[in-house]
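Notes for the structure review
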Amino acid sequence: MAILHRIFSRRTLAYVTGGTAAVLGGGYWYLNSGPAYPVPTKTTRRPPPPWSPPSRAEMLKELKASGKVTTFKSGSPPSEDQEFDLLIVGGGATGAGCAVDAASRGLRVALVERDDFGAGTSSKSTKLVHGGVRYLQKAVFELDYEQYKLVNEALHERRIFLQTAPYLSNMLPIMLPIYKYWQVPYYWAGCKMYDILAGKENMETSYLMTKGKALETFPMLKSNGLVGALVYYDGQHNDSRMNIALVMTAVKLGAVVTNYCEVTQLHKDGQGKLNGARVKDNLTGEEWNVRAKGIINATGPFTDSLLTLDNPAHQPIVQPSSGIHITLPNYYSPRKMGLLDPATSDGRVIFFLPWQGNTIAGTTDTPARVTRDPQASEDDIRWVLEEVRSYLSPDIKVRRGDVLSAWSGLRPLVRNPGAEKTEGLVRNHMIHVSESGLLTIAGGKWTTYRAMAEETIDQAVKTFGLDGRVKSGCVTDTVRLVGSDAWSRNMFIGLIQTYGLETEVAKHLSDNYGDRAWTVCSLAEPTGERWPLHGRRLISSYPFIDAEVRYAVRHEYALTAIDVLARRTRLSFLNATAAFEALPTVVDIMADELGWSYRERRRQIKAAVKFLGTMGLPATLMVEDNHPEPIPKGWMERVERGVWRAGKSALVLVGLTKEKADRLDAFGPGRSMFEGGELAALRHTFATRTTKNGDGVEKVGTEEILELLKDVPGYSEVSKKELDYVLDEAGFKDGRVNFDEFIEICGNLKEVSFTPSSVTNRMTIPVEKSGGGV
Ligand SMILES: Cc1cc2nc3c(=O)[nH]c(=O)nc-3n(C[C@H](O)[C@H](O)[C@H](O)COP(=O)(O)OP(=O)(O)OC[C@H]3O[C@@H](n4cnc5c(N)ncnc54)[C@H](O)[C@@H]3O)c2cc1C
């Protein structure tokens, strides 16, 4: 009794309460006491000093100078200031990260990329800067220490990532919808562990939401059976712009970088050690040698190609797997909340995230072959749509036609060649030095690019004896990327007040160029309107402006229309059709900057349309006759166009191609308008077959529609294939439709089956019906 009395005495209770409060308060403080995120708003809004990077021609000159030796086997090396310490092959996240690291240590660095910077996997990611909650789940349930280390490292890197380029990345709350009560403690514990692992580097602590709150925040969510939701925080970024920021930072630190330059051979000295490479300019076909003390293979999914150049007997180590994403219009998700479905129909994880004003959904994980232009397959697109359908409210029709863009990226999963054969794939990244000294870095993820680069350059300094050449150790955790220094969260207001921009445009420029947005704006031509004064949009529904094209050419080494549409702006990732519409303007501005001829402009348009085809551009727009035509400048170009047109007319005459007007009919106005009396005929037919549902609404079975349409003038030719396509497209899966839905189906049927072009071309519901992505 006395003991009980003591235990429940006021003093003990006071100690317990005080202790609990201290622990909880201390824990809360610990998890939230890291450096403020994002960096505090600056008090000044002075534009940064202007900086123009060296031109590509200057870069090429430096690259060529390093290789001016008689032979690589015996010739005397070029002077110290011509030879590179490191030649990095590959300009994705990994290669660009290595270039920043090496250049910031004072090394003389060259980087060559055979396509455009970030054109590989690095522009095709899920755009998350994350520790990986699903890896944490594995770490805990499979007691896997490697997975735990991976999450721990990634969470640490997440913080550095968001601070070195604060304008390009943001914090994103991600919701895990919960449909079973037992999942509540399970998900809660998982998310809390994620917070605790992040420790002082945590962004915001995770929290539980009631069903009502979850639906208020994410109204598109399926409410049936929903119990509540957990919200945790991760980072999100603009991957290809981050890639460009890394490249430009390396350039600012003195690195020599070029896109469209491919390593085609590796050179070795008399002892079989690598000392240079043969490089080919893929734009001109010119080839030359580059001399370097060490070579880094950062070619991602193409790691094996370079290893084979080094040793033709090399056994492949990359096992690629493809991941696809689709872009949906912004009405599919709230503007500031992502969603993670941790248990899809086949156990894979799917993300559904707001990004750059639209919604992206993905990804898949399918074994694939290494190809330069991986493309999202129709099966994969349909799988993602099916998963999206399963957690969205049934009143949202998830349609194939709402897919504004689709892309595929290759995950370079690697096997360590130094490890025993029985060992599995490396979960994180792998660094390997071959006998000839080729240093390979592969695998990993965007989030950890900096840590990977640090390890790689540490290894390079050791392997290539560069101790005497470095000024310092790794400093990249504090190197802020180009655009960060004079950026602040409110900088966009200064841009509006100085240049008279629309708010959406100013925010977009600030969030994608950081303090370089001032330079972008200085290239903007006056609109001649009362408002906005500057910032002519490339296409009305997206905030990309003309000045970005000039900036991309002058300051970011954009050399093709695809570079601008895909990786400087992200238009092709957001909406392939919008990119197609912006194409002539982009080509026109680039022609002005780069002096493109009429023929070159037509070539650029053709190449860009082909590329957009891999991102989901409707087949009708792929037809050459529907490509936009550049406007000729001067009489020479007018003559050239005349000759070209005459050639085309000749082809039409001999029947090898068709007149453009034919095709364009498919895009004429009034597609779904019903003629006078047509609606009455449809109503009459509908009434003959309907039965009342339990809820009193008149409906017909979808299997009856084909039969029913046979009696309607003009609809008798509709095929089952076309009807099935439209039903699938519009998401009518539950078997019975009311009159409004029946009319919607008929409207869509008119679009896919009444147009006078090929069946494939007809089977497309135009993108404008998805809101055009706005
Ligand atoms: C679907 C998907 C989603 C992902 N999502 C995320 C995510 O949300 N968060 C995250 O942190 N990570 C994510 N990742 C991982 C991340 O995208 C990759 O780890 C990273 O982009 C790999 O970069 P890389 O530089 O190694 O490869 P790449 O970006 O492919 O770069 C390699 C480059 O080498 C060039 N090259 C090849 N051969 C030569 C040659 N001979 N000469 C010159 N250049 C050459 C290629 O053209 C290419 O540009 C995702 C990956 C995939 C596939």
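Residues numbered from 1 in each chain as written. Predicted model: local features only at pLDDT ≥ 70, side-chain atom pairs only at ≥ 80, totals over all residues.

As annotated in an unreviewed UniProt entry, the chain carries the name Glycerol-3-phosphate dehydrogenase and is attributed to Cyclocybe aegerita. UniProt, in the comment section headed Subcellular location (unreviewed entry), describes the chain in these words: "Mitochondrion". UniProt annotates the chain under Sequence similarities (unreviewed entry) with the comment "Belongs to the FAD-dependent glycerol-3-phosphate dehydrogenase family." (UniProt positions renumbered as here; feature names shortened; annotations may be inferred.)

1. Quick look at the overall build of the chain
Scanning the chain from terminus to terminus reveals 28 helices and 21 strands. When the 774 residues of the chain are sorted by exposure, 46% land in the buried category. Considering only contacts within the chain whose residues lie at least 6 apart along the sequence, 70% involve residues at least 24 apart. (Helix = DSSP H or I, 4+ residues; strand = E, 2+ residues; numbered from the N terminus. Buried ≥ 20, exposed ≤ 12 C-beta atoms within 10 Å, placed from the backbone. Contact = placed C-beta atoms within 7 Å.)

2. Brief notes about the site of the ligand
Residues in close proximity to the ligand total 39 residues, the closest being Gly90, Gly92, Gly120, Gly300 and Gly323. For the shell around the ligand, the per-class residue count stands at 12 nonpolar, 19 polar and 8 charged. (Near = placed C-beta within 6 Å. Nonpolar A, V, L, I, M, F, W, Y, C, P; charged D, E, K, R; others polar.)

3. Describing the sheet that holds strand β20 (residues 698-701)
Strand pairs in the sheet, formed through backbone hydrogen bonds, run parallel or antiparallel to each other. Strand order across the open sheet formed by 3 strands is β19-β20-β21, with antiparallel pairing between neighbours. Of all the strands in the sheet, just β19 (691-692) and β21 (736-737) have a single pairing partner and so form its edges. Both β19 and β20 contribute to a ladder of 2 bridges, which runs antiparallel. The partner of Thr691 across the bridge, within β20, is Lys699. (Pairing = 2+ DSSP bridges.)

4. Some remarks on the packing of helix α5 (residues 133-141) against helix α7 (residues 183-198)
Packed helices, taken two at a time, are described by the angle between their axes plus the distance between the axes. The interhelical angle for the contact between α5 and α7, taken along N-to-C directions, is 105°, at an axis separation of 10 Å. When the interaxial angle is binned, α5 and α7 end up roughly perpendicular. Between α5 and α7, the contacting residues are Val133, Leu136 and Gln137 on the first element and Gly190, Met193 and Tyr194 on the second. Taken together, the residues of the contact of α5 with α7 sort by class into 4 nonpolar, 2 polar and no charged. (Axes fitted to C-alpha atoms, helices over the stretch in contact; angles between N-to-C directions. Parallel < 35°, antiparallel > 145°, perpendicular 65-115°, else oblique.)

5. A closer look at unusual backbone geometry
In this structure, Thr363 follows Gly362 across a cis peptide bond, with omega equal to 15°. Its place among the elements puts Thr363 in the loop between β14 (358-362) and β15 (366-367). In this structure, Pro532 follows Trp531 across a cis peptide bond, with omega equal to -10°. Within the fold, Pro532 resides in the loop between α15 (517-522) and α16 (546-555).

6. Digging into the nonpolar core
Core analysis: the largest hydrophobic core is formed by 174 residues, its most contacted members being Ile88, Ala99, Val109, Ala110, Ala250, Leu565 and Val586. When residues of this core are assigned to their parent elements, the largest contribution, 10 residues, is made by helix α19 (residues 576-594). Beyond its immediate stretch of four places on either side in the chain, Ile88 contacts Gly95, Cys98, Ala99, Val109, Ala110, Leu111, Ile296 and Ala298. Core analysis: the next-biggest nonpolar cluster, separate from the first, contains 15 residues, Phe686, Tyr715, Val718 and Phe742 among them. (Core = buried A, V, L, I, M, F, W, Y, C linked by C-beta atoms within 7 Å.)

7. Some points on helix α11 (residues 378-391)
Note that an α-helix has 3.6 residues per turn; residues three or four places apart therefore point the same way. Taking 1.5 Å of rise per residue, the 14 residues of α11 would be expected to cover 20 Å, and the 21 Å separating its terminal C-alpha atoms lies within 8% of that figure. Looking at α11, one finds that the buried residues are Asp380, Ile381, Val384, Leu385, Glu387 and Val388. Along the axis of α11, the buried positions cluster into a sector of 160°, meaning they face one direction only. Facing away from the buried side of α11 by over 90 degrees, the exposed positions are Glu378, Asp379 and Glu386. Along its buried surface, α11 packs onto β11 (318-328), β12 (338-341), β13 (350-355), β14, β15 and β16 (405-414). (Expected span 1.5 Å × (residues − 1). Arc of directions from axis to C-beta.)

8. Comments concerning the environment of Leu439
Note on placement: Leu439 falls in strand β18 (residues 439-443). Among the residues examined, Leu439 registers 24 C-beta atoms within 10 Å and is labelled buried. Placed 144 residues apart in sequence, Leu439 and Ile295 show a C-alpha to C-alpha distance of 6.3 Å. With sequence-adjacent residues up to four places away left out, Leu439 is seen in contact with Gly294, Ile295, Ile296, Asn297, Val433, Thr456, Gln459, Ala460 and Thr463.

9. A few points about the environment of Lys268
Within the element layout of this structure, Lys268 appears in strand β8 (residues 261-268). Sequence separation of Lys268 and Ser436 is 168 residues, and the distance between their C-alpha atoms is 7.7 Å. In contact with Lys268, other than residues within four places in its own chain, are Lys273, Leu274, Asn275 and Ser436.

10. Quick look at helix α6 (residues 145-164)
Over its 20 residues, α6 runs 29 Å from end to end, which matches the ideal 28 Å to within 8%, given 1.5 Å per residue. Of all the positions in α6, only Gln147, Leu150, Val151, Ala154, Leu155, Glu157, Arg158, Arg159, Phe161, Leu162 and Thr164 are classed as buried. Of the surrounding secondary structure, the elements contacted by the buried residues of α6 are β3 (128-129), α5, β4 (169-178), α7, β6 (228-237) and α12 (449-463).

11. Considering the packing of helix α13 (residues 491-499) against helix α14 (residues 503-513)
Interhelical geometry of α13 versus α14 gives an angle of 130° and a closest axis separation of 8 Å. In terms of orientation, α13 lies oblique with respect to α14. The two elements α13 and α14 meet at a crossing, and its hand is right-handed. Taken together, the residues of α14 that come into contact with α13 (itself represented by Met491, Phe492, Leu495 and Ile496) are Thr503, Ala506, Lys507, Leu509 and Ser510. Of the residues assigned to the contact of α13 with α14, the class counts are 6 nonpolar, 2 polar and 1 charged. (Left-handed = near helix turned anticlockwise from the far one by under 90°.)

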